[in-house]
Structure formats: C-alpha cells, structure tokens
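A structural walkthrough
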2 protein chains.
Amino acid sequence: MTDRPPDQDDQATSPGLTVPVPLGDRSYAIRIVSGDPIGFGPFARSSLDASRAGRGCRVALVVTDANVAALASRHAEALAGQGIAAEVAAVPPGEGSKSLDQAAVLLDRLIAMKADRHAAVVAVGGGVVGDLAGFVAATYARGVPLLMAPTTLLAQVDSSVGGKVAVNRPAAKNIVGAFHQPVGVWIDTDSLESLPPRELRCGMAEVVKYGVILDASFFDEVERTADAMLALEPGVVRRVVARCCELKAEVVSQDEREQTGLRAVLNFGHTIGHAIEAVAGYGGPFQHGEAVSAGMVAEARLAERLGWIDDSLADRLSNLLRLLGLPTSAPGLDPDALLDAMTLDKKNRGGRIRFVLPRRLGLVELTDAPTEADLRVVLGELTSPAV
Amino acid sequence: MTDRPPDQDDQATSPGLTVPVPLGDRSYAIRIVSGDPIGFGPFARSSLDASRAGRGCRVALVVTDANVAALASRHAEALAGQGIAAEVAAVPPGEGSKSLDQAAVLLDRLIAMKADRHAAVVAVGGGVVGDLAGFVAATYARGVPLLMAPTTLLAQVDSSVGGKVAVNRPAAKNIVGAFHQPVGVWIDTDSLESLPPRELRCGMAEVVKYGVILDASFFDEVERTADAMLALEPGVVRRVVARCCELKAEVVSQDEREQTGLRAVLNFGHTIGHAIEAVAGYGGPFQHGEAVSAGMVAEARLAERLGWIDDSLADRLSNLLRLLGLPTSAPGLDPDALLDAMTLDKKNRGGRIRFVLPRRLGLVELTDAPTEADLRVVLGELTSPAV
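Residues numbered from 1 in each chain as written. Chains lettered and ligands numbered in written order. Predicted model: local features only at pLDDT ≥ 70, side-chain atom pairs only at ≥ 80, totals over all residues. Heavy atoms only, no water.

1. Quick notes on the sheet that holds strand β3 (residues 59-65) of chain B
In a beta sheet, neighbouring strands pair by backbone hydrogen bonds and run either parallel or antiparallel. Residue and element names in this part refer to chain B. Worth spelling out the cut-off: Pairing between strands requires that DSSP locate at least two bridges from one strand to the other. A helix here means a DSSP run of H or I that spans at least four residues, while a strand means a run of E at least two residues long, and both kinds are numbered starting from the N terminus. Where helices are involved, their axes are fitted lines through C-alpha atoms of the stretch in contact, as for all axes, and angles between N-to-C directions lie from 0 to 180°. Contacts are assigned to residue pairs that have any heavy atoms within 4.5 Å of one another.
Spatial ordering of the open sheet is given by β1-β2-β9-β6-β5-β3-β4, a layout of 7 strands whose pairing is mixed. Pairing within the sheet leaves two strands with one partner each, and these edge strands are β1 (16-21) and β4 (85-91). Taking the axes of each pair of neighbouring strands and ignoring which way they run, one obtains an average angle of 15 degrees across the sheet. Pairing of strand β5 (residues 120-125) with strand β6 (residues 146-150), which is carried by 5 bridges, proceeds in the parallel orientation. Counterpart to V124 in the pairing with β6 is A149. Most of the contacts of helix α1 (residues 40-49) go to strand β9 (residues 184-188), to which it runs at about 165 degrees, and overall it touches β2 (28-33), β5, β6 and β9.

2. Considering the side chain of B:S47
Its place among the elements puts B:S47 in helix α1. Excluding anything up to four places from it in sequence, B:S47 contacts B:L147, B:V183 and B:G184.

3. Topic: the domain arrangement of chain A
Residue and element names in this part refer to chain A. Spelled out, the test is: As annotated, the domain borders come from an automatic or database domain assignment. Here the quantity called buried area is the total loss of accessible area, with a 1.4 Å probe, experienced by two parts when brought into contact, counted for both.
Split by domain assignment, chain A resolves into domain 1 (16-195) and domain 2 (226-383). Domain 1 and domain 2 are separated by 28 Å when their C-alpha centres are compared. Of the residues lining the interface, 27 residues belong to domain 1; the matching set on domain 2 comes to 21 residues. Here domain 1 packs against domain 2, burying approximately 2100 Å² in sum over the two surfaces, 69% of which is carbon and sulfur. In terms of surface lost to domain 2, no three residues of domain 1 exceed V157, V161 and F179, which account for 23% of the buried area on that side.

4. Overview of the state of the cysteines
All names here are of chain A. Going by this rule: In what follows, a disulfide is any cysteine sulfur pair within 2.5 Å. Each residue is placed in one exposure class: buried if its accessible area under a 1.4 Å probe, protein chains only, is under 20% of its type's maximum, exposed if it is over 50%, and partly exposed if it falls in between.
Tallying each qualifying case throughout the model produces 0 disulfides over all chains. For the unlinked cysteine C202, the closest cysteine sulfur is that of C244, found at 15 Å. Since its relative accessible area comes to 5%, C202 is described here as buried.

Encoded structure:
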C-alpha cells in the first residue's frame, strides 16, 4: 500500500491514528481523526490508488441515510476535490433499508451513472448503511471498490473491520451477502457528537467485549477512561476506537472468511445476546449492544460455573457495564424461550450449544462444555426479576 | 483435491473425461460423460468433500427450468443416494429468470430449508440457470458450495468454467454478480440430444472461437469432426467439450478475476458480436452464438486489414462457420448503429475501441490499432445485403 498515513497522531496536519488491516492484496488502512471533513478527500484518493480496482476511479456513489446526509454531502465534495464525481443516495434510516429492493435501487443508480468496475461506492453512516452499501459494492459489476466512513461507535469498532456485508430477507437477517473488504475506512470521531446516547452506550458494549476476549490491559484502560469516553474526549475516543480496530483486524486477518473458527472469538456474549434479542423481539426493549451486554455477564457466569474463572471477573465486567449505563440482566424474559432460541445458533455442532467463554481476562475459548443444567441456572439468574 | 476421477476415458465404469481446473484452494474438476445419470451422485459427493465448505453437506437445492426438470429430478435422486436431501426448484425458462426477484425466491427457499453454509446449490440447465443459481450460491450465507450440471453446449464449453455468476437489471445485463467458483461440474453430453439444433449451432460458435484464439490443432480437429459433432457422436462430443474446458481453464487460472487483461482473449468475435446483438435487439434474429459467429468473421477481416493475417484464415474460418450452419454476416444492419454500440464496450480505454484479433491461427492479441476507416470498411462488408 502506497502513501500510507503515519501510524501515530501526527500533529503536523490534523491529529489522527492509522490502523493497518493486513489482508494480502486486500490490505487497507483505517484512519481515525477528530473533526477533519476535508481530509477524507486525500485519504479516499490514496486508498483507491493503493487498490488494484480503485486506481483511476473518477466516479463514486455515496450511500447514506437522512440522519447523516449533510456529512455525506461534505464527503462528496471532498471527493470532487480529488477529481471524483460523486452523487449522494440517501436511504431511509433503519434496518428496513437492508433489503434486496433497496440494493436494487442503488445498483440501478450506479447503472444510470454509467459506473464501470473502477467506480467506488462510499458508505457514510452506521451499520445498516455500511452493510447495504457494502453489498452493492460487492455485487455491482462483480465487485467495485468500497470506502467506508462509519458514523456510529458500533460501526466504527465492529462493522468497519471484517469485510462482512449483507442484506436481510424477511425470514432471516444478514442471510444474503458476501465478504468484500473496503479499500479504506475513514473514522471521524466528531460524528459521535450527534449520536443518541443510547447508541453510544451500545457501541461501548462491543468495546468492552474486545478487552475481555483479547486484551486485559485494554480492559483496564476502558475501566479507567469510561467517563472520558462517554464525554467523547477526542484523544480518548480515537485511542479506544483504534485499539478495537487493531484487535479485530488481528482476528480477521487470521480468519478472513470465517473458515478456521478463530473468528468465532468475536461472538463472546453473542450466543445468549442473540437469544435475548430474538426473544425480546428485534427493535424491542433490547438493542443489539444491550443484549450483548447482558449476554456477556451471563456467559461470564457460565465460565464461572465451569470453574474457568472466579466470580471477581464476572463482577468486574458487570460493574463496568453498569458504569457505562448498560443492562447486565434481562428480567422477565422466559428462560425456556431463550434456550430454544440458542439451539438455532450457527456455531452449534451436533446438537450441543457452543459458547465463547473467558479462560481469563483477555483470553476466550470456543466450547460446548456447559451442560443444560449449568445453562438453566445462569438463564434463571439472568431473567430473575430480583436482579 | 481428493478422489479425483481419472484423466482419460475410463471404460471400467462409464466412459468419461476429467478436466481439472487449477485455482489453488478453489480448484475443482469437470467430469464429462455420456448417459450416466447415476454417476452424478458419487461425483457430487466427492466434489463436495474435496471442498472446504462442502464437507458434511446434507442439504441441497437443485435449480433448473421446466425444459430439463426431469433430469434435475434424477440428479436430486442421485444426491439422495449420497445422503443429501435435495429439493428441486424450477424457474421459468429464458433470460427473464436472471433477475434479483427470481434470486430472492430461491434464497427464501434455502431459508425455508434451514440451509446453513454447508448446504449446496446445484444448477441443472443452460446459462440462465447456471448464472442465476450461481448468484444465489455466491450470496446465500456469504457463499455456499455450487455444483453445476450444464445441459446446453454453450453452457458446457463456456459458463461452466470461469466462476462468473450474475443476474440482470432492466437497464444492464449481467451487472449484478460475483466470482464464485463451483466445487464441481458434471457434463453429460446426452443432454444435448434434446437441445434445439439452433442452440447446438450457437454453442459451436464458441467451440470454433477456442480454436482461433488458443489452439490451431484444435481448430483443425473441429474442421475434421464438424459433421460428427453435429450428429452428436458421443466420443467426439466428449473430446471437443473437454478440450474447450481445458483451454478456458488455462486462461481463467491465470486471470481468475479479470484483472490482468489475459481473460480478454475470450472476447474474440464479441466486440462486434455484442454490437450485432444490441442493434438487432436481444431475443431478436441473432442469438448470442450467431452474433459471435458473424462477429468473428468481421474481426478476422479487421486483422486482415491490419496485415496481421492473410485472407486465407478469414476464409477458412468463414467456411467452417457456414458448414456448421452459422451466419457469417449481418445483412441489413446499420453500420453506424453498430459503431455506436461498440463505443460502449467495457474493453475500451481512452475513447479507442479495443478488439481481440488473430495474429495467426491459435494466437490473438488485444489491440486498439484498427482505425475508424478500417472498421467502417469491415462493417460495410458485414452488413452488405450482397453477402
């Protein structure tokens, strides 16, 4: 990759961090800045030029939603400054836009622009916009360059690394998709200022997850900086987001297409978390990050029952999540319904439910060791009205 | 790849040829037989087992169209004999089925079958079925194993090698797609018996193309065996189909994702051929193979004008195509309209029209050397009512 930005805050221009994502000839850089809308232009150009397909790109479709359309327009202007004619397409906000119908609208837009295989798709928004625009980029002309500018904390620390793009069908989420790596990811932490506080907290659940599964000292750091993070202190936010991206990039670069099982470590908290979402109802009382928060506590308790960790770790995790304003239980849900939902999880083999559980802070393991009895105790605690 | 069938006719079981397609960990085998519906079962199982994703496959969706639904049912039974529960989904015959809407129907069918990422999609039919089923396989759960059983000569010699899958949008053909290699291709030449003669002839145009672009001695062989081929003599058909697959596999294995330009050699006859199709109207008097046939003759004449070849090669090509019942001209079409259509071709750079032209029999080169004057002379001959 040519013209890679420096690897640490460079006060000469605007402060920022760069995280390289090493994936052979699909390698790319994540640039993390605070309040630098103009910098997107040169970053986009150098990212495109560093990729085989993006070299010579002169046309781009900027996909966004109504909530961040103003930012998307600024990004389109920044592209124009680099000789890239960009049109903005705003989709309705919300999960409903992750559909084949909406993808068809965007694909037809690219056709109308006479886009060839060197045209870029740029995603400016949260996870929905990233997944939808990514699917369009993966399938238009059998794949065109994708640039991502994630604007939510969750999208910044999670979906901007990994290359998973998808749309939903009515009967199944994320079932139609591809692995399609971006050529570059631009994260401006200023976009978090306008994020609803609840969405910021949901992103923090995934931040905490990275500490538990991969990096004990990062967990310490999140504990120490929780208040600064919630107050969106730019230097802290950049550092936290960059570390999450680094940690996810390490996992993804070893298991890009989810074939070795390594990538499963990212699912800590998600086996029970997904069940909470499914039972409480999507779009219901638990947003994804909230369900994962309660799921992580329950799964830590499960590890405790196996004797893998002692209760101090589960308590510490629970306290941090509470400090961040996240739920640590799911009172009132039906444990049997949760159990049923879990038996459908994709990680399962041969009828046993599989979990990613902590061995110690910073290390997790995929296991089917928990018995149904263990699980019933933990689910009982999770759903108890007393908690 | 384990359990690869032998590389030459093996009379111990049923006669057949195997063509390996070497693509690293996406390598697969093409097996060419005549009248062996039962053999598909073991071939499918060994092909699935040899692929990472297909190992342990127990569920399959067999995609077909009404014309070959009976054959598809036999393939489904053969899969059942290998412990793979297969359902058959028949789409309406014709290009109209290559749509996102039809893909959605099949994707929902897979969801209803509770298919996971190890489930297989099996395409039994011509190019439309292969492209549609391939797109579904490429996108369901971010990619599931694809088995192909092409039943038309064109699909057997062309779309069964290369991994290009796609659906159409109203304003552009093949614009939504992916590169998704099959895990195995099963060609039973018996399926050609029920093919309309015109479709057989269209397939022969692509057969002739392989001789011109890559293999002079194969061109000789096609000349010698043209009658036997049209009479569907099984040994001859197997040999011709296998050689085409081998030749295309050599090209594709060096340029899997159309990045180096090498794969462009496959477009001989197609620059002018596509223009003929577009101007005459899709579904009009020229089927794809017929347009390519006339296009090859015109492009050979263009090479003649450049002094690359003498007139004996263009004459020889023209005679062979005529012998096969294929058109060698497009009388009555408007040369200006053809010229306009060509300026939209994807191979063009910087305003010059690019062609793949013969240097000699068996060797072609991508070039923008022809002037508009050259082209006008050749298009004049092509469209002259006198020819």
